[in-house]
Amino acid sequence: MTLNKLDQAAQDAGIALRFINAHGEPETISDATKRALLAVMETPVGKAPPLPPVQVFAARAKRQLTPQGSGSFSWQLHSEQGKSFSGEVQAGESLTLPPRLPQGYHQLTLRKGRQQWQTRIIIAPRRCYLPAPLEQGEKRWGALVQLYTLRSESNWGIGDFGDLRLMLEQIAKHGGDFVGLNPLHALYPALPEHASPYSPTSRRWLNVLYLDINQVADFQHSQDGQRWWKSAKTRKALQQVRASEFVDYSAVAELKLAALRFAWQNYQPRAAADVEFQQFIADGAEHLRYQAAFDGILAERSQQHPDEWGWANWPEGWRNALLPEVQQWCAAHEEEIQFWSWLQYLAQQQFAACWQYSQQLGMAVGLYRDLAVGVAQGSAETWQDPELYKLGASVGAPPDRLGPQGQNWALPPLDPHVMRARGYQPFIDLLRANMRDCGALRIDHVMALLRLWWIPYGESADKGAYVAYPVNDLLAILALESQRHRCMVIGEDLGTVPQEIVSLLRNSGIFSWKVLFFEQHDDGSYRQPHAYPRQSIASASTHDLPTLSGFWHADDLTLGDKLGIYARDGVLQSLQQQRVKQKQALLDALHQAGALPARSGKRADGMALSPALTLAFHRYLARTHSALLGLQPEDWLGISSPVNVPGTVNEYPNWRRKLNVTLETMFTPEVQKVLKAVNEGRKA
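Residues numbered from 1 in each chain as written. Predicted model: local features only at pLDDT ≥ 70, side-chain atom pairs only at ≥ 80, totals over all residues. Heavy atoms only, no water.

## Quick notes on the overall build of the protein chain
Alright, step 1. The secondary structure content of the protein chain amounts to 23 helices and 23 strands.
Alright, step 2. Here the protein chain holds 684 residues, and 56% of them are scored as buried.
Alright, step 3. By sequence separation, contacts in the protein chain at least 24 residues apart represent 72% of the contacts at least 6 residues apart.
Alright, step 4. Carbon and sulfur atoms make up 49% of the accessible area of the protein chain, which totals about 30000 Å². (Helix = DSSP H or I, 4+ residues; strand = E, 2+ residues; numbered from the N terminus. Buried < 20%, exposed > 50% of the residue type's maximum accessible area, 1.4 Å probe, protein only. Contact = heavy atoms within 4.5 Å. Areas by Shrake-Rupley, 256 points an atom, 1.4 Å probe, with all protein chains shown as cover.)

In structure tokens, the structure reads:
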């Protein structure tokens, strides 16, 4: 079929002309959406070069390139290891790369007369890294922790890197192998109520509110800081933030930043002579400098304009990091830039120390980090690189049964054409920042490696279209960086998963996510533990779903009704009826697997989530064939309220709910009994 000009342009740009909707029916994208998305993209224009800007070769692929055009070219290849190769090639003929070229990043230069073109050559392994115990068939478990929810006798009202160290110690002591974390990405210390870890200002830097102030030596040595610390006002404020049911981000940020300013005053005279800090600044280069400048400008402006959100609301001369006004501010505020850079340095040091501790404890995975699908519209990333992030669009999801209007996540997409033109360096930098100091990386919405639902800015989610990403290239780079960092990869593949990515992920060694609540057959019965795929992580729930207690007692449905989520008639009743069936099917599955004694009740209706039933659920999960198992402390502790209710913003205090006990008192005999059963199940 011959395409019209608009459809051809959209298809060439990677915009899908149609898609299969939630009802299994084909749906066509409107011409208005195609035009809007084409206007947003940086699609290549002009005459194509003889070779593309980047060429990725996965393991065992034929390593050949074919220059386009006419005449003869000379070529020179510089390997990452410092070796050089050269030769001649005719246009249209195959250029075969040296046979022993190792995995890594190499540079090919093609010349013809005075003209020359650069192509990045990437040689990648076939699969992502896998720790030896998992490769040998062992099964491991760990705790899935939202770091901010942790309570302790020493933290400052929010879980911190000191708490993470203590959690690692306790998990290792009770037989666990890792602590899985929410995204630790940089947020907005000057506007701390913007607390979603999935809507960060940068995915390459850390959230400095996770700093354990007790570990900052320069705060301990600051006379002014210690005077402030011991004052009645500070002690009272600290007592209040520790005791609160929810994280009071504003109060926490005020306390921590005050302490860190005192620490900086003590450290600043030594900053220039600190070789490690200066190396950190050199390594971070412009990206760190503008992240620090963004934090500094935001801190300054938020005092004068507390309701202002995002750089798009700043005066026009401030809306890009490279504008003259911003450069003048940077030149006049070098010390402020150093301060915010130092906080990143401290955060990196403290997190790295947690990773090292996990290795001392003998954990094979140790820590897993979480990579969010994007950054916020008004973030430091979009401010310093507006070409890479397409601000004229937002990513989300098309309408489905749970979200009839679709979803708009207000995150601008990365432009695949710009990424490719830059030799995929932005993607490589992102992976390197998130694979350091951990044994696993969870990729949120892993389907984004294949496609993302782009919505023209200002439109509703149903007016979007799928845009393709170079999935094979991205998976190859992911495998290369995974092997280099000895960091395994977990793909969050819940929801609508396109069939074409399932085998790609499996063949790349990326772990799938299996949530107990979703593992049902067509007849409603639940998958038995032995049927879970080995290359997966199993869990009862996730941060976007109810806890075990919330699910069993349908507290999530009661809460959803209270928040007005089920506006349409009959939705709540339908979900309640479905839950009754799910609970019965789960109870039947527990009995079938022998996770619950035969003498226990056979009817779920009216049955409370007793300690015995909680133990049975954990025993069931522990027996799954999945190589990894992630357990939420909320489920050991019987907590029913969620940390996040999808579809809400101000209706519920998302990303704020803490655990109900401190780390020092969490591991009671009852919790230890659950974890003992988990250890036995994993070894069975």
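## Details of the UniProt feature "domain: MalQ N-terminal beta-sandwich" (unreviewed entry) in the protein chain
Alright, step 1. Per the UniProt record, the feature "domain: MalQ N-terminal beta-sandwich" (unreviewed entry) sits at residues 51–125.
Alright, step 2. Its end C-alpha atoms 23 Å apart, residues 51–125 is made of 0% helix and 53% strand. (UniProt positions renumbered as here; feature names shortened; annotations may be inferred.)

## Focus on the sheet that holds strand β18 (residues 451–456)
Note on sheets: strands pair through backbone hydrogen bonds, and any given pair is parallel or antiparallel.
Alright, step 1. Spatial ordering of the open sheet is given by β16-β15-β18-β19, a layout of four strands whose pairing is antiparallel. This sheet does not close on itself; its edge strands, each paired only once, are β16 (407–411) and β19 (465–468). Sheet twist, expressed as the mean angle between neighbouring strand axes with direction ignored, is 50 degrees.
Alright, step 2. Bridge count for β18 against β19 is four bridges, and the pairing is antiparallel. Its bridge partner lying in β19, Arg-451 is registered against Ala-468.
Alright, step 3. Docked against the sheet, helix α2 (residues 31–40) engages β15 (393–397), β18 and β19, running at close to 100 degrees with respect to β18. (Pairing = 2+ DSSP bridges. Axes fitted to C-alpha atoms, helices over the stretch in contact; angles between N-to-C directions.)

## Brief notes about helix α8 (residues 249–271)
Alright, step 1. Here α8 is 23 residues long, yet its end C-alpha atoms lie only 29 Å apart, well below the 33 Å a rise of 1.5 Å per residue gives.
Alright, step 2. Most pronounced at Gln-265, the bend in α8 amounts to some 35 degrees, and the proline Pro-269 follows within four residues. (Expected span 1.5 Å × (residues − 1). Bend = angle between axes of the 7 residues up to and from the residue.)

## A few points about the sheet that holds strand β21 (residues 512–515)
Alright, step 1. Strand order across the open sheet formed by eight strands is β20-β17-β14-β11-β10-β23-β22-β21, with parallel pairing between neighbours. Both edges of this open sheet fall to β20 (488–491) and β21, since each of them pairs with a single strand only. Averaged over all adjacent pairs, the angle separating strand axes in this sheet is 25 degrees, with direction ignored.
Alright, step 2. Strand direction decides the pairing type here: strand β14 (residues 366–371) and strand β17 (residues 440–443), joined by four bridges, are parallel.

## Focus on helix α4 (residues 161–173)
Alright, step 1. The first and last C-alpha atoms of α4 sit 18 Å apart over 13 residues, in line with the 18 Å expected at 1.5 Å per residue.
Alright, step 2. Looking at α4, one finds that the buried residues are Phe-161, Gly-162, Asp-163, Leu-164, Met-167, Leu-168, Gln-170 and Ile-171.
Alright, step 3. Against the buried residues of α4 lie β10 (140–145), β11 (178–181), α11 (334–360), β14, α21 (633–637) and α22 (663–666).
Alright, step 4. The backbone nitrogen of Gly-162 has a side-chain oxygen 2.9 Å away, supplied by the residue at the start of α4, namely Asp-160.
Alright, step 5. Positive backbone phi, at 95 degrees, marks Gly-175, one or two positions downstream of α4. (Polar contact = N/O pair within 3.5 Å; in protein donor to acceptor, adjacent residues only side chain to side chain.)

## Here we look at the packing of aromatic side chains
Alright, step 1. On inspection of all chains with the given rule, the structure shows 31 aromatic pairs.
Alright, step 2. Where Phe-219 meets Trp-229, the ring centres are 6.2 Å apart and the plane angle is 80 degrees; that geometry is what we call edge-to-face. Here Phe-219, found in helix α5 (residues 217–220), pairs with Trp-229, found in helix α6 (residues 223–230); they are 10 residues apart in sequence, far enough to count as distant.
Alright, step 3. Put simply, the rings of Trp-205, Trp-264, Tyr-267, Phe-277, Phe-280, Phe-339, Trp-340, Trp-342 and Tyr-345 pair up and form one aromatic cluster.
Alright, step 4. Between the NZ or CZ atom of Arg-451 and the centre of the ring of Tyr-466, over which it lies, the distance is 3.6 Å. (Phe/Tyr/Trp six-rings, centres within 6.5 Å; stacked < 30°, edge-to-face > 60°. Lys NZ or Arg CZ within 6 Å of the ring centre and 35° of its normal.)

## Points about the packing of helix α7 (residues 232–243) against α8
Alright, step 1. Running from N to C, α7 and α8 cross one another at 140 degrees; their axes reach a closest spacing of 10 Å. With respect to their mutual orientation, α7 and α8 come out oblique. Both α7 and α8 take part in a crossing whose hand is left-handed. Judged by residue contacts, Thr-234, Ala-237, Leu-238 and Val-241 of α7 engage Ala-251, Val-252 and Leu-255 from α8.
Alright, step 2. Considering only residue class, the contact of α7 with α8 consists of six nonpolar, one polar and no charged. (Parallel < 35°, antiparallel > 145°, perpendicular 65-115°, else oblique. Left-handed = near helix turned anticlockwise from the far one by under 90°. Nonpolar A, V, L, I, M, F, W, Y, C, P; charged D, E, K, R; others polar.)

## Focus on the pattern of salt bridges
Where charged atoms from two side chains of opposite charge approach closely, those side chains can pair.
Alright, step 1. A complete count under the given rule lists 26 salt bridges for this structure.
Alright, step 2. Residue Glu-80 is joined to Arg-484 by a salt bridge in which the shortest nitrogen-to-oxygen separation is 2.6 Å. With a gap of 404 residues between them, Glu-80 in the loop between β5 (72–78) and β6 (84–90) and Arg-484 in helix α15 (residues 471–485) connect regions that are remote in the sequence.
Alright, step 3. Taking the relative accessible area as the measure of exposure, Glu-80 reaches 36% and is therefore partly exposed.
Alright, step 4. One salt bridge connects Arg-204 with Asp-429, and the closest N-O pair in it is separated by 3.9 Å. Remark: Asp-429 occurs in helix α14 (residues 425–435) and Arg-204 occurs in strand β13 (residues 202–206); sequence separation between them is 225 residues.
Alright, step 5. Judged by its relative accessible area of 24%, Arg-204 falls in the partly exposed class.
Alright, step 6. Linked through salt bridges whose partners overlap, the residues forming this network are Asp-7, Asp-31 and Lys-34. (Salt bridge = Lys/Arg side-chain N within 4 Å of Asp/Glu carboxyl O.)

## Here we look at the side chain of His-445
Alright, step 1. Structurally, His-445 can be placed in the loop between β17 and β18.
Alright, step 2. Residue His-445 is classed as buried on the basis of its relative accessible area of 19%.
Alright, step 3. Not counting residues up to four positions away in its chain, the partners in contact with His-445 are Val-373, Trp-409, Leu-452 and Glu-492.

## Focus: unusual backbone geometry
Alright, step 1. In this structure, Ala-554 is a non-glycine residue whose phi angle is positive, near 55 degrees.
Alright, step 2. Within the fold, Ala-554 resides in the loop between α17 (548–552) and α18 (555–562).
Alright, step 3. Phi is positive for Trp-655, close to 60 degrees, though the residue is something other than glycine.
Alright, step 4. If you trace the backbone, Trp-655 turns up in the loop between α21 and α22.
Alright, step 5. Take Trp-655: its relative accessible area is 8%, and that puts it in the buried class.

## Remarks on the nonpolar core
Generally speaking, nonpolar side chains in soluble globular proteins are found buried as a group.
Alright, step 1. Counting residues in each nonpolar core, the largest one holds 203 residues, and the members touching the most others are Met-167 and Trp-636.
Alright, step 2. Among the elements that make up this core, the one with the highest residue count is α8 (12 residues).
Alright, step 3. With sequence-adjacent residues up to four places away left out, Met-167 is seen in contact with Ala-143, Val-145, Leu-150, Val-179, Pro-633, Trp-636, Leu-663, Met-666 and Phe-667.
Alright, step 4. Counting 16 residues, the second largest nonpolar core, distinct from the first, contains Leu-77, Val-89, Leu-95 and Leu-101. (Core = buried A, V, L, I, M, F, W, Y, C linked by side-chain atoms within 4.5 Å.)

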